[in-house]
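Report on the structure
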Amino acid sequence: MVMGKELRELAGSKSAIVMGALFALAFGSMYSLRLNSLPGISLESSIGSLLFFLTTVLGVFLGYTYTGQVFLREKMDAVIETLLCSPITLRDIWIGKTLAITALAHAFALVGGVLCALVVSFRSGSVGVLGGAVIVYVIVVLPALIACFVGALGCSQFLLGMKENRIVSLVVFAPLFAILYGVGYGTMGSFVVTWLQVALLAAGVVVVLMGLSYAVGRIRIERVVTTLS
Amino acid sequence: MLEVRNLVKTFKGRTVVNNLSFLVGEGEVFGFLGPNGAGKTTTMRLMLGLLRPTSGDVLLWGQPAERHTEVRRRVGVLLETDGVYPRLSAHDKLAYFGRIYGVQGLETRIGQLLDFAGLSERRHDKVGTFSRGMRRKLGLVRALLHSPDILLLDEPSAGLDPESQKKVRDLIVTLSSQSQITVFLNSHDLDEVQRICGRVAIIQEGKIRACDTLKALLSAPGTRMVELVPTDVSRCDEMVDFLRRHEGVAEASSDAGSVLVTLRPRQKTMALVSSLEEYGIELEEVRRAKRSLEDIYLEIVGREERCG
């Protein structure tokens, strides 16, 4: 229920869609240009790392952006208070919102990834072949990773006041995103995605998601209500 | 049905709700009054389980209200800041809440309530384009959507035009009398409370200052008020000046050709009339003024403020 409503709202928001499309295009272009400018890197060996980093950066960045619209705005407008009087729990709300943001951010990450791969293939004149580990990562693990990031941010937005949320966004999440972007941009081409890495990432995000779900269940409603703007 | 027992809420050492106890029966319309910062909204939040009491209990049908899903399913809520999803249409917003509450025959119910609220023509418009009054109406419709057994309303008429205010008042009375729905009404509108509430509690600084049936409150011995009509209505202002200097008068004010006088205890009406006649003002009529809830409220709140 919550997920459906949040998806409808996000999909109905011109700013959310335009932002998703623009960033898919911007990040896709930057990464594809970077890849094409790397000397001595074959398309086959690097298209995997390109998709790995591009979709991750794009997904996480859009997740970060949409979280403000979905979690924080509801708290700023105090709408969440009405929702918390209904028969659903804070965890239901958290799960629904996290899934909705993840679905849209992941969709745009895929669009960006596909566009970028097409551009790279077109410019190099050959089609790169993706390894199984990359495909599994992009289709299965990436949404869980985005959900992890969005869920953690959403959890902090439930817990903290408006001023604290801005500080956390700037001090914790923005640098985290910058590091992710920088590492991806710097190591692209020399990085090979393996099954072990994907499995470790998958295990990590599952553990974090379980931890977050437990933590959200422990949040006192009073904490959410008393930190409304 | 709704029982509040020795409820206390403290924020950082400051007691906002101080040992409140009251009972609201089935089908009753209960008015909750108090000045800004008296603790009304905090009490409502405690009743809804949004805040945890420092001590004391809120029981709904004998069960703690806090985080009890089945209890919340039977409660309709309209808060001061009602949930508005600006990008959803009125219909979609109601459908969302309807699904959360598991409303049967949702489309029919939405249609009926939107008709009642006069919002049918705007059902597919985004809520963000609605006026404050329309949002308030939509909030009330949302609160009624799942046919609750108890309605907790925070300023339901705020921002509504007089016609809509009357509609809301009539609806509350109908819900209470015909459907036996209990209504807890948090309001600043004393006239509204006087028109529809059977019982009233007045809260100030977190404490209940008065809690009784409206009839009992209005007929309680307290400050007496009389209305004096001078033969020469042009002397009303002069009369007010004279009365304000009189030791037996607490307050005097001119009101469309008459003077409303609040007497101090032990001041006899006829003695005051004699004083006026000695002063040279003849009276055409003297009548006991009917006390309104506003008089009672101001008397109680004013008295406490003076004492505090």
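Rules behind the numbers
Residues numbered from 1 in each chain as written. Chains lettered and ligands numbered in written order. Predicted model: local features only at pLDDT ≥ 70, side-chain atom pairs only at ≥ 80, totals over all residues. Heavy atoms only, no water. Patch = residues over 30% accessible without salt bridge, like charges linked within 9 Å, V, L, I, M, F, W, Y side chains within 5 Å. Areas by Shrake-Rupley, 256 points an atom, 1.4 Å probe, with all protein chains shown as cover. Salt bridge = Lys/Arg side-chain N within 4 Å of Asp/Glu carboxyl O. Helix = DSSP H or I, 4+ residues; strand = E, 2+ residues; numbered from the N terminus. Buried < 20%, exposed > 50% of the residue type's maximum accessible area, 1.4 Å probe, protein only. Pairing = 2+ DSSP bridges. Core = buried A, V, L, I, M, F, W, Y, C linked by side-chain atoms within 4.5 Å. Contact = heavy atoms within 4.5 Å.

Glancing now at a nonpolar patch on the surface. Residue and element names in this part refer to chain A. Taken together, Leu25, Val111, Val114, Leu115 and Leu118 make up a surface patch of nonpolar side chains, about 440 Å² in accessible area. Ranked by the residues each element gives to the nonpolar patch, the list is headed by helix α5 (residues 90-124), at four residues. Take Val111: it is sitting in helix α5.

Once that is clear, we can look at the pairing of strand β3 (residues 29-33) of chain B. Residue and element names in this part refer to chain B. In terms of burial, β3 is a largely internal element, five of the five residues being buried. Here β3 shows two buried faces, one formed by Val29, Gly31 and Leu33 and the other by Phe30 and Phe32. Relative to strand β8 (residues 182-186), β3 runs parallel, the two sharing four bridges. When the sheet's bridge partners are listed, Val29 is paired in β8 with Val183.

Further remarks concern the nonpolar core. Ranked by internal contacts, the top residues of the largest apolar core, which has 147 residues, are A:Tyr66, A:Leu90, A:Phe158, B:Phe22 and B:Phe184. For this core, the element with the most residues is helix α6 (residues 132-159) of chain A, which contributes 15 residues. With sequence-adjacent residues up to four places away left out, B:Phe22 is seen in contact with B:Leu2, B:Glu3, B:Val4, B:Phe30, B:Phe32, B:Met47, B:Phe184, B:Ile208 and B:Cys211. B:Val226, B:Met239, B:Leu243 and B:Ile281 belong to the second largest nonpolar core, which has 17 residues in total.

By the definition in use, this model includes 20 salt bridges over all chains. For B:Glu227, the salt bridge identified is with B:Arg287, shortest N-O distance 3.1 Å. With B:Glu227 in strand β11 (residues 224-230) and B:Arg287 in strand β14 (residues 283-288), this pair connects stretches of sequence that are 60 residues apart. Judged by its relative accessible area of 17%, B:Glu227 is buried. Overlapping salt bridges, with partners in common, bring together A:Lys5, A:Glu6, A:Glu9, A:Glu74 and A:Lys97 in one network.

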